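# Commentary on secondary and tertiary structure
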Amino acid sequence: MLAGRTLVWFSCGCASAVALKLAAQKYPDVRGIYCDLSRDEHPDNVRFRADVEKWTGVKVEVIKSKLYNSVEEAWDARKYMSGVSGAPCTVEMKKIPRFAYQWAEDVHIFGLTVDEQARITSFEDDNHELFLEWTLRDAGLTKSDCLQILGDAGIAIPTMYLLGFENNNCIGCVKATSPRYWNLVRKHFPDVFKRRAEQSRRLGVKLARYKGVRIQLDELPEDATERVIEDLSCGPQCRAPQLDEAKTQNGESSESARKPPTT
Ligand code: SF4
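In this text, all values refer to a predicted model and were calculated from it rather than measured experimentally. Chains are numbered independently. Their residues run from 1 in the order of the written sequence. Only residues with pLDDT of at least 70 get local features here, since the model is predicted, and only at 80 or more are side-chain atom pairs given and counted; chain-wide, interface and lining totals rely on the full set of residues. Computation of side-chain values covers all heavy atoms of the structure but excludes hydrogens and water.

## As for the overall build of the chain
Helix and strand assignments follow DSSP, with helices taken as H or I runs no shorter than four residues and strands as E runs no shorter than two, numbered in order from the N terminus. Across its full length, the chain holds eleven helices and seven strands. Expressed as a percentage of the 263 residues in the chain, the buried residues total 52%. Whether two residues are in contact is decided by their heavy atoms, any of which lying within 4.5 Å being enough. The long-range fraction of contacts in the chain, counting pairs at least 24 apart against all pairs at least 6 apart in sequence, stands at 72%. In short, Shrake-Rupley with a 1.4 Å probe defines the accessible areas, and a residue's cover is counted only from the protein chains shown. Within the structure as shown, the chain displays about 12,600 Å² of accessible surface, and the carbon and sulfur contribution to it stands at 52%. In this scheme, a residue with accessible area under 20% of its type's maximum is buried, one over 50% is exposed, and one in between is partly exposed, where area comes from a 1.4 Å probe on protein chains only.

Structure follows, in structure tokens:
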């Protein structure tokens, strides 16, 4: 019998909320874990997390990067925002804190649904050492099923969805390139748009793609509405940093980061 814990990685998205609910019904001692991005996400996420805690009966634990308080700090430190090898903020703000928290014996549950089998397979291929349970997939639930379940439970979906965004990522997520996405950010969060435009120009990163060409955000026409289908997922399927990165950031050995504490 495994001595590890059952961890649900709650992202303040609808799918991981339902995953936590199902896991709580199956495992009374389940833990819900949230990697703190509260300075970068919509403030309504605080309300959503509280609603989910009440609904599931699970108090979500908040863990965070030991080096950075925001994605902007991580980009400045890494001098990089997003590109072909992914976004460093995913690694710094989500992956490394997870590595520091998890034990080798833990069972992990992520909010991937039955319509995301390719991502599930990819993650399994990259993480043979982890014990994984795909609660939503095994229950045959899609993303839209999760929205329906939350609605039926009387829980308002996070505000970002209501504003027209298709995810509940950080406001101004640097994995996005679509003109529609960035002009939605400009419309609803002009201060964030301005900061992304300034920082990306300073770091030499072209975040938007307009008519097939990468451009700076401050070059994007305000009336551009082109929608690009792109994967903005930020979580388990992202590239894993080497354990040495976890060692460096968390000031502990990579080995100790993967074992239960002795006390
Ligand atoms: S949601 Fe986007 S901006 Fe936020 S950590 Fe993930 S990749 Fe970075």
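## Overview of the environment of Met160
With respect to the helices, strands and loops of the structure, Met160 is situated in helix H8 (residues 159-162). Put simply, Met160 and Asn45 are 115 residues apart on the chain and 9.0 Å apart in space, counted from C-alpha to C-alpha. Apart from residues no more than four positions distant in its own chain, Met160 is found in contact with His42, Phe165, Asn167, Asn168, Asn169, Ile171 and Phe189.

## Considering helix H2 (residues 44-56)
Its 13 residues give H2 an end-to-end C-alpha distance of 18 Å, which sits within 8% of 18 Å, the value for a rise of 1.5 Å per residue. What H2 keeps buried is the set Asp44, Asn45, Phe48, Arg49, Val52, Glu53, Trp55 and Thr56. Among the structural elements, helix H1 (14-26), strand E2 (31-35), strand E3 (61-63), helix H7 (143-152) and H8 are those in contact with the buried residues of H2. Note on H2: the residue one or two positions beyond its end, Gly57, has a positive phi of about 75°. Expected helix span is taken as 1.5 Å per residue step, with the number of steps being one fewer than the number of residues.

## Structural notes on the packing of aromatic side chains
How two aromatic rings sit relative to each other is set out by the distance from centre to centre and by the angle between their planes. Centres within 6.5 Å make a pair out of two Phe, Tyr or Trp rings, where for Trp the six-membered ring is used; the pair is then stacked when the planes are under 30 degrees apart, edge-to-face when over 60, and tilted otherwise. Per the counting criterion, the structure on display carries nine aromatic pairs. Centroid distance Phe165 to Tyr181: 5.4 Å. Interplanar angle 75°. Geometry classified as edge-to-face. With Phe165 in the loop between H8 and helix H9 (179-188) and Tyr181 in helix H9, the pair connects residues that are 16 residues apart, well separated along the chain. Like Tyr181, Phe165 is buried. Centre to centre, the rings of Trp182 and Phe193 are 6.4 Å apart; their planes meet at 65°, and the pair counts as edge-to-face.

## A word on the side chain of Gln199
Within the secondary structure, Gln199 sits in helix H10 (residues 190-203). Look at Gln199 and you get buried, because its relative accessible area is 2%. There is a polar contact of 3.1 Å between the side chain of Gln199 and the backbone oxygen of Glu72. The term polar contact refers here to a pair of N or O atoms within 3.5 Å; inside protein, the definition further demands a hydrogen-donor-capable atom paired with an acceptor-capable atom, and it admits residues adjacent in sequence only when both atoms are side-chain atoms.

## Notes on the pairing of E2
A large share of E2 lies buried, amounting to four of its five residues. Between any two strands, at least two bridges found by DSSP are needed for them to pair. As judged from the three bridges shared by E2 and E3, these two strands associate in the parallel manner. Each residue of the ladder has a partner; that of Cys35, found in E3, is Ile63. Seen with its strands pointing away from the viewer, a crossover is right-handed when the path leading from the first strand over the helix to the second is clockwise. At this point the chain moves from E2, through H2, to the parallel E3, and the crossover so formed is right-handed.

## Quick word on unusual backbone geometry
The phi angle at Lys79 is positive, at roughly 55°, despite the residue not being glycine. Checked against the element boundaries, Lys79 lands in the loop between helix H3 (71-78) and helix H4 (88-101). Phi is positive for Lys211, which is not a glycine, with a value near 55°. Locating Lys211 in the fold gives a position in the loop between strand E6 (208-210) and strand E7 (213-215).

## Some remarks on the pattern of salt bridges
Only one rule defines a salt bridge in this text: a Lys or Arg side-chain nitrogen within 4 Å of an Asp or Glu carboxyl oxygen. Counted according to the given criterion, the structure contains 18 salt bridges. The partner of Asp51 in a salt bridge is Arg47, with the nearest N and O atoms 2.8 Å apart. On the criterion of helical spacing, the pair formed by Asp51 and Arg47 is a turn pair, its members being four residues apart in helix H2. Overall, the relative accessible area of 27% leaves Asp51 in the partly exposed class. The partly exposed category is assigned to Arg47, whose relative accessible area is 26%. As a salt-bridge pair, Asp138 and Arg137 come within 3.0 Å of each other at their nearest N and O atoms. Residue Asp138 is classed as exposed on the basis of its relative accessible area, which comes to 54%.

## Thoughts on the site of the ligand
Around the ligand lies a shell formed by Val71, Trp75, Ala87, Cys89, Thr90, Asn169, Cys170, Cys173, Val174, Lys175 and Cys234. Throughout this entry, Asp, Glu, Lys and Arg are counted as charged residues, while Ala, Val, Leu, Ile, Met, Phe, Trp, Tyr, Cys and Pro are counted as nonpolar. The remaining residues, Gly among them, count as polar. Its residues assigned to classes, the shell around the ligand shows eight nonpolar, two polar and one charged. Here, proximity means that at least one heavy atom of the residue falls within 4 Å of the molecule or strand.

## Focus: the sheet that holds strand E4 (residues 107-109)
Strand order in this open sheet of five strands is E3-E2-E1-E4-E5, and the pairing throughout is parallel. Pairing within the sheet leaves two strands with one partner each, and these edge strands are E3 and strand E5 (131-133). Strand-to-strand, the axes of this sheet are offset by a mean angle of 35°, without reference to chain direction. Across three bridges, the pairing between E4 and E5 is parallel. Its bridge partner being in E5, His108 is matched across the sheet by Leu132. Angles shown run from 0 to 180 degrees and are taken between the N-to-C directions of axes, each axis being a line fitted to C-alpha atoms and, for helices, limited to the stretch in contact.

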